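Observations on the model geometry
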Amino acid sequence: MTDTTPGTFVSRSFDAGRIADWGTLDWTESLPTGGESYTTDIQLDYQTSNDGSIWSVWAGAFTAPGSNDITAQSRYIRYQATLSTSDGGGTPVLHDVTITYSTPKVVINEVMHSDTAGNDWVEIYNGHGSTIDWLGTLTLYDSNGVALGSLDTSSTALPTGYL
């Protein structure tokens, strides 16, 4: 009897260096055909993570090479390839995998101003095509590096807009 158990390969994680807009997943393959006697197939899925240790559920279920859209933003991504055959007479071959991405273009004009009311601010420009949600703590320091105070902030920078 011929073994028809699917084989699975999980890639290493890929680090975009910061939060990225994952674009497309594509690959090249060779699928031998056996006419009506057997079929072969390759399916690719992906997972994303912001810290490299906690991963999303597998998504995608792509079964045809091409520009398969990845709808995720994260720092890390990895893929899983499942190779299958209905008869051991033919084996699918995965030659290469391509994942495209872009990183947001955010400019922080590190200019702190005090207005007449004594308020300090930072101007942030979002030069990317997607909305960026800003969530975090802004800490103000004096010239000696001593923290003067902090402000928890939450805001949204629209594409090509200022925050």
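Look above for the structure.
Now for a look at the structure at hand.

The rules behind these values
Every chain begins its residue count from 1, and numbering advances along the sequence as written. Since the coordinates come from a predicted model, pLDDT governs what is reported: local features require at least 70, and pairs of side-chain atoms require 80 or more to be given and counted, while whole-chain, interface and lining totals use all residues. Only hydrogens and water are removed before side-chain values are computed, so all heavy atoms of the structure are retained for them. Going along the chain from the N terminus, every DSSP run of H or I of four or more residues is numbered as a helix, and every run of E of two or more is numbered as a strand. The classification of residues rests on relative accessible area computed with a 1.4 Å probe and restricted to protein chains. Under 20% of the type maximum is buried, over 50% is exposed, and intermediate values are partly exposed. The method behind every accessible area is Shrake-Rupley, applied with a 1.4 Å probe, and residues are considered shielded solely by the protein chains displayed. To qualify as a nonpolar core, a set must consist of buried Ala, Val, Leu, Ile, Met, Phe, Trp, Tyr and Cys residues joined through side-chain atoms within 4.5 Å. Contacts were defined at the residue level, with two residues in contact if any of their heavy atoms lie within 4.5 Å. Any two rings among Phe, Tyr and Trp, with Trp reduced to its six-membered ring, count as a pair given centres within 6.5 Å; such a pair is stacked if its planes are under 30 degrees apart, edge-to-face if over 60, and tilted if neither. We count a salt bridge whenever a side-chain nitrogen from Lys or Arg sits within 4 Å of a carboxyl oxygen from Asp or Glu. A pair of strands is considered paired only if DSSP assigns at least 2 bridges between the two. What qualifies as a polar contact is a pair of N or O atoms within 3.5 Å, subject to a donor-acceptor requirement within protein and to the restriction that residues adjacent in sequence count only when both atoms come from side chains.

Let's talk about the overall build of the chain
Each helix and strand counted, the chain has 0 helices and 11 strands in total. Each helix (α) and strand (β) of the chain, taken in turn from the N terminus, gives the series β-β-β-β-β-β-β-β-β-β-β. When each of the 163 residues of the chain is scored for burial, the buried share is 25%. Accessible surface, the chain: about 10200 Å² in total, of which carbon and sulfur atoms supply 50%.

Focus on the nonpolar core
In this structure, W22, L25, W27, L44, Y46 and I70 are the most contacted members of the largest nonpolar core, which totals 14 residues. For this core, the secondary structure elements donating two or more residues are strand 2 (14–30), strand 3 (40–49) and strand 5 (68–85). When neighbours within four sequence positions are excluded, Y46 is seen to be in contact with L25, V57, W58, A59, G60, F62, I70, T71, A72, I77, R78 and Y79.

Here's the deal with the packing of aromatic side chains
Under the defined criterion, the tally for this structure stands at 4 aromatic pairs. Between Y46 and F62, the aromatic rings sit 6.3 Å apart at their centres with planes inclined by 20°, giving stacked as the arrangement. Residue Y46 is found in strand 3, and its partner F62 is found in strand 4 (residues 59–62); the two are separated by 16 residues along the sequence. Relative accessible area serves as the criterion here: at 6%, Y46 is assigned to the buried category.

Brief notes about the pattern of salt bridges
Under the counting rule described, the total for this entry stands at 1 salt bridge. Residue D15 is joined to R75 by a salt bridge in which the shortest nitrogen-to-oxygen separation is 2.7 Å. Placement of D15 in strand 2 and of R75 in strand 5 is noted, with a sequence separation of 60 residues between them.

Quick notes on unusual backbone geometry
One non-glycine residue with positive phi stands out, namely A61, at about 50°. Mapped onto the secondary structure, A61 falls in strand 4. Judged by its relative accessible area of 43%, A61 is partly exposed.

Looking at the pairing of strand 5
Pairing of strand 1 (residues 7–10) with strand 5, which is carried by 4 bridges, proceeds in the antiparallel orientation. Across the sheet, V10 pairs through a bridge with Q80, a residue of strand 5. As judged from the 10 bridges shared by strand 3 and strand 5, these two strands associate in the antiparallel manner. Bridged to Q47 within strand 5 is R78.

What about the side chain of T48?
Relative to the assigned elements, T48 resides in strand 3. What makes T48 buried here is its relative accessible area of 12%. Ignoring any residue separated from it by four or fewer positions in sequence, one finds T48 in contact with W22, I54, W55, S56, A72, S74, Y76 and I77.

Remarks on the environment of S30
Tracing the backbone shows S30 in strand 2. Not counting chain neighbours up to four residues away, the residues in contact with S30 comprise T91, P92, V93 and H95. Looking at S30, its side chain comes within polar contact range of the side chain of H95, at 2.6 Å.

Notes on the pairing of strand 3
Most of strand 3 is tucked away: 8 of the 10 residues are buried. Relative to strand 4, strand 3 runs antiparallel, the two sharing 2 bridges. Within the sheet, the bridge partner assigned to Y46 lies in strand 4 and is A59.

Observations regarding the environment of H95
Its place among the elements puts H95 in strand 6 (residues 93–102). A relative accessible area of 48% means that H95 is categorised as partly exposed. Each C-alpha atom, one on H95 and one on W27, is 7.3 Å from the other, the two residues being 68 residues apart in sequence. Other than its neighbours up to four places away in sequence, H95 contacts T28, E29 and S30.

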